[in-house]
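Coordinate inspection notes
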Amino acid sequence: MRRLVVLLMGGFAAHAFAQREAVLEKRDDRQVSITNNVLDVREFTPPDPKVDWKSTGEFQIQKTRERVMPSGKKILIHLGQPPMHPPDPLKPEPVELTDAELEKLKAEYIPEKFLSLSATVVDEQATLVRWSHAGKSYKIWSAVDFNHLRGLSRFHVDGQPYSLFMGIGNASSEHRNGWEWLGESDGPPDFDGSKVEYEFINEDVPDGEALEVIHALHEVYASKGPELKAAYGKRERENAKRRAWLEQNPPAEKDAELYLWQGKDGGLLIDDDPSAAPKVSRPSKQRLQALTDAYVRGMREKARQQKEDQGQ
């Protein structure tokens, strides 16, 4: 297994081959920030009961039809007047930027670098990470439990923005014979768990951006690891509360319901939550008649033109 040591010098990464892995420590001279809300984990609170729109009077039902699906489940289709609620507030007009302001934004813009990876956490001790760049595939063993990175999607390192998309799973090596089940000849290195480190599995070690993006991700963990681990733990506890509440309060089996009303263009709008729809009104009889007359005139003109073409 070929290992890589990464030396950070003045913000630039220089790397050389040695019998050491890449080890990172928290550095005050590296500006690392997480720009999505992965650290903001809300406490679970039971949801409010779902509103029954038939009982509020906001949706005046004129007719209800019942349809039975091949599965035997029923769908109730309610036809009525548009919901009676105030329209949404008007959105503010967009701010027009001057040419100078636009040029300044362009000059300050830094393109985001994207990383898509697959992570398999083994025994909650190490993570097998796979990713591709410019048509080549790479693999590392990381000492980071990538479960702690769940929900991380955007971050900055020294002003450079990155975005992350990750597929992740957990596996146990218990009762396994070798590592063929992971497609590897060897298991993870003997990481001691006290350092943020990783090492490459094969001879094809990346350079340039392919190395930069994976190294930047580990720099985030070297800087924000305790916060990410704490957020992951809280998220797991809140999810457990949610599952326990659902076990004690299973959703009642009920027929599906759809609400339909006539839109301003004469068609029908459909939604399972009429409160989310904009306030609409029926078109006037005069407008409907004008649309009908225009359609008839258009069809007659088309028929006349076809006859003239055939006569030629």
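That block above? That's the structure.
A brief structural summary.

Analysis parameters
Residues numbered from 1 in each chain as written. Predicted model: local features only at pLDDT ≥ 70, side-chain atom pairs only at ≥ 80, totals over all residues. Heavy atoms only, no water. Salt bridge = Lys/Arg side-chain N within 4 Å of Asp/Glu carboxyl O. Buried < 20%, exposed > 50% of the residue type's maximum accessible area, 1.4 Å probe, protein only. Helix = DSSP H or I, 4+ residues; strand = E, 2+ residues; numbered from the N terminus. 1 Å grid on protein atoms, 1.4 Å probe; cavity = no way out; pocket = protein on both sides within 12 Å on 5 of 7 lines; lining within 4 Å. Points joined across faces, edges and corners; volume = space filled by probe spheres on them. Nonpolar A, V, L, I, M, F, W, Y, C, P; charged D, E, K, R; others polar. Pairing = 2+ DSSP bridges.

This structure, assessed with the given rule, holds ten salt bridges. With a shortest N-O distance of 3.9 Å, Lys 74 and Glu 66 are connected by a salt bridge. By relative accessible area, Glu 66 is classed as partly exposed at 42%. Between Lys 139 and Glu 184 there is a salt bridge; the shortest N-O distance is 2.6 Å. Here Lys 139 is found in strand β9 (residues 136-142), whereas its partner Glu 184 is found in the loop between β11 (160-171) and β12 (196-200), with 45 residues between them in sequence. A relative accessible area of 22% means that Lys 139 is categorised as partly exposed.

What the largest pocket holds in volume is close to 550 Å³. As for the largest pocket, its lining consists of 22 residues, and the residues nearest its centre are Ala 143, Asp 145, His 148, Gly 193 and Tyr 221. With six residues, helix α3 (residues 209-248) is the single largest residue contributor to the lining of the largest pocket. Class assignment of the residues belonging to the lining of the largest pocket gives a composition of ten nonpolar, seven polar and five charged.

Here we come to the pairing of strand β5 (residues 61-68). Of the strand pairs in this sheet, β5 and strand β6 (residues 74-80) are connected by seven bridges, and their pairing is antiparallel. By the bridge assignment, Glu 66 is partnered in β6 with Leu 76. Linkage of β5 to β6, two consecutive antiparallel strands, is achieved through a turn of five residues, within which Gly 72 is found at a positive phi near 100°.

Phi is positive for Asp 123, which is not a glycine, with a value near 55°. By secondary structure assignment, the location of Asp 123 is in the loop between β7 (113-122) and β8 (126-133). Its identity is not glycine, yet Glu 124 carries a phi of approximately 55°, on the positive side.

Before going further, it helps to examine the pairing of β9. Sheet topology places β8 next to β9; seven bridges connect them, and they run antiparallel. Directly across from Trp 131, in β9, lies its bridge partner Tyr 138. The hairpin formed by β8 and β9 contains two residues between the paired strands, and Ala 134 there has a positive phi angle of roughly 55°. Where β9 meets β12, three bridges bridge the pair, whose relative direction is antiparallel. Looking across to β12, one finds that Ile 140 is bridged to Phe 200.

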